[in-house]
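Below, each chain spelled out in residue letters.
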Amino acid sequence: MPASPKIGRDEFAAWLRLLETPGVGRESARALLAHFGSPDAVLGASNAALKTVVTPVVASALASEPSAYATRLEAGWRWLQGEGDAAEGSAPRDVVVLGDPRYPWLLLESADPPLLLYVLGRVELLARPSIAIVGSRNPTGQGLENARAFAAHLGHAGWVVVSGLALGIDGAAHEGALEAGSGTIAIVGTGLDRSYPARH
């Protein structure tokens, strides 16, 4: 059984409810958090206070639980407790939220940083020096070998290789980093409960 995540159920529930509320995108969520300080404070704010930050429609939406929220909360919390795909084994699971000291500082420099990062594996890799290697999903054999060799060399030099877990160059980069024993970070768009491609 994986170690329990650092985030508690109530805190996770508040973050998820904020993000599941119709009309609350990442930009408005960041504005709400900057004004009120935490998801709990946002959800506890009066309609009048909310309307100083977001539109009246969004302020009203925050007053009620979004549809399918309870189901998503239960599924997300079960996954965090290690009740997911058996193929994931005993790798630790966690959620790193915006404002958490473990949140990658370079990601904070991006125009639209995500509010939650679901993590499967070694969360400490997020704080290490990292470099992205990405490329074609249908590369030449030489391209695959170059990606693997570059990643292994960078891994031996202490870099964590970041890629998208896709076929082709991404997969070769992850393999090279693993061969070096340095660790690698896969950024996946499918959710961590559905690896794609499955062989990765």
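Quantities reported herein were computed from a predicted structural model and do not represent experimental measurements.

Pulling in residues and values, what's your account of the overall build of the protein?
Within the protein one finds 9 helices and 5 strands. Counting from the amino terminus, helix and strand elements in the protein follow one another as α-α-α-α-α-α-β-α-β-β-α-β-α-β. Its C-alpha atoms give the protein principal-axis dimensions of about 60 × 35 × 30 Å. Across the 200 residues of the protein, 40% fall into the buried class. For the protein, the share of sequence-separated contacts (at least 6 apart) that also reach a separation of at least 24 residues comes to 64%. By element, 56% of the accessible surface of the protein is carried by carbon and sulfur atoms, the whole surface being about 10,900 Å². Separation between the mean location of the 16 positive side-chain charges and that of the 20 negative ones in the protein comes to 2 Å.

Just give me the short version of helix α9 (residues 169–180), but keep the residues and values in it.
Here α9 is 12 residues long and its end C-alpha atoms lie 17 Å apart, about the 16 Å a rise of 1.5 Å per residue gives. Here α9 lies mainly inside the structure; 9 of its 12 residues are buried. Every buried residue of α9 is listed here: Ile169, Asp170, Gly171, Ala172, Ala173, His174, Gly176, Ala177 and Ala180. Packed against the buried residues of α9 are α8 (141–156), β4 (160–163) and β5 (184–186). A positive backbone phi angle near 75° is found at Gly181, which sits one or two residues after α9.

So, the confidence of the model for the protein: which residues are in play, and what are the values?
Averaged over the protein, the pLDDT score is 90; the fraction of residues at 70 or greater is 94%. Averaged over each element, pLDDT in the protein is lowest for helix α7 (residues 105–108) (88) and highest for helix α4 (residues 47–50) (97).

Any details on the side chain of Ser182? Residues and values, ideally.
Structurally, Ser182 can be placed in the loop between α9 and β5. Within the structure, the side chain of Ser182 is placed 3.4 Å from the backbone oxygen of Trp159, a separation counted as a polar contact. The residues touching Ser182, leaving out its near neighbours within four places in the chain, are Leu125, Arg128, Gly155, Trp159, Val160 and Ala177.

Before we move on, can you summarise the nonpolar core with the specific residues and values?
With 37 residues, the main nonpolar core has Phe12, Trp15, Leu18 and Leu62 as its most contacted residues. Every element with two or more residues in this core is listed here: α1 (9–20), α2 (26–36), α5 (56–61), α6 (69–80), β1 (93–97), β2 (116–120) and β4. If we skip the residues at most four places from it in the chain, Trp15 touches Ile7, Leu33, Pro39, Val97, Leu98, Leu115 and Leu116. Among the nonpolar cores identified, the runner-up in size contains 9 residues, and Ile133, Ala147, Val161 and Ala173 belong to it.

Which residues make up unusual backbone geometry, and what values go with them?
Leaving glycine aside, a negative phi is the common case for residues, and trans is the common case for peptide bonds. Backbone geometry at Ala68 places phi at a positive 70°, although glycine is not the residue there. You can see Ala68 is positioned in the loop between α5 and α6. Positive phi values are uncommon outside glycine, yet Leu165 reaches one of about 65°. Here Leu165 lies in the loop between β4 and α9.

How would you explain the environment of Ile7 if you had to name every residue and give the values?
With respect to the helices and strands, the residue Ile7 is situated in the segment before α1. Distance from Ile7 to Val97, taken between C-alpha atoms, is 8.8 Å for residues 90 residues apart in sequence.

The rules behind these values
Residues numbered from 1 in each chain as written. Predicted model: local features only at pLDDT ≥ 70, side-chain atom pairs only at ≥ 80, totals over all residues. Heavy atoms only, no water. Helix = DSSP H or I, 4+ residues; strand = E, 2+ residues; numbered from the N terminus. Buried < 20%, exposed > 50% of the residue type's maximum accessible area, 1.4 Å probe, protein only. Contact = heavy atoms within 4.5 Å. Areas by Shrake-Rupley, 256 points an atom, 1.4 Å probe, with all protein chains shown as cover. Lys, Arg positive; Asp, Glu negative; His and termini not counted. Charge placed at Lys NZ, Arg CZ, Asp CG, Glu CD. Expected span 1.5 Å × (residues − 1). pLDDT = per-residue confidence, 0-100. Polar contact = N/O pair within 3.5 Å; in protein donor to acceptor, adjacent residues only side chain to side chain. Core = buried A, V, L, I, M, F, W, Y, C linked by side-chain atoms within 4.5 Å.

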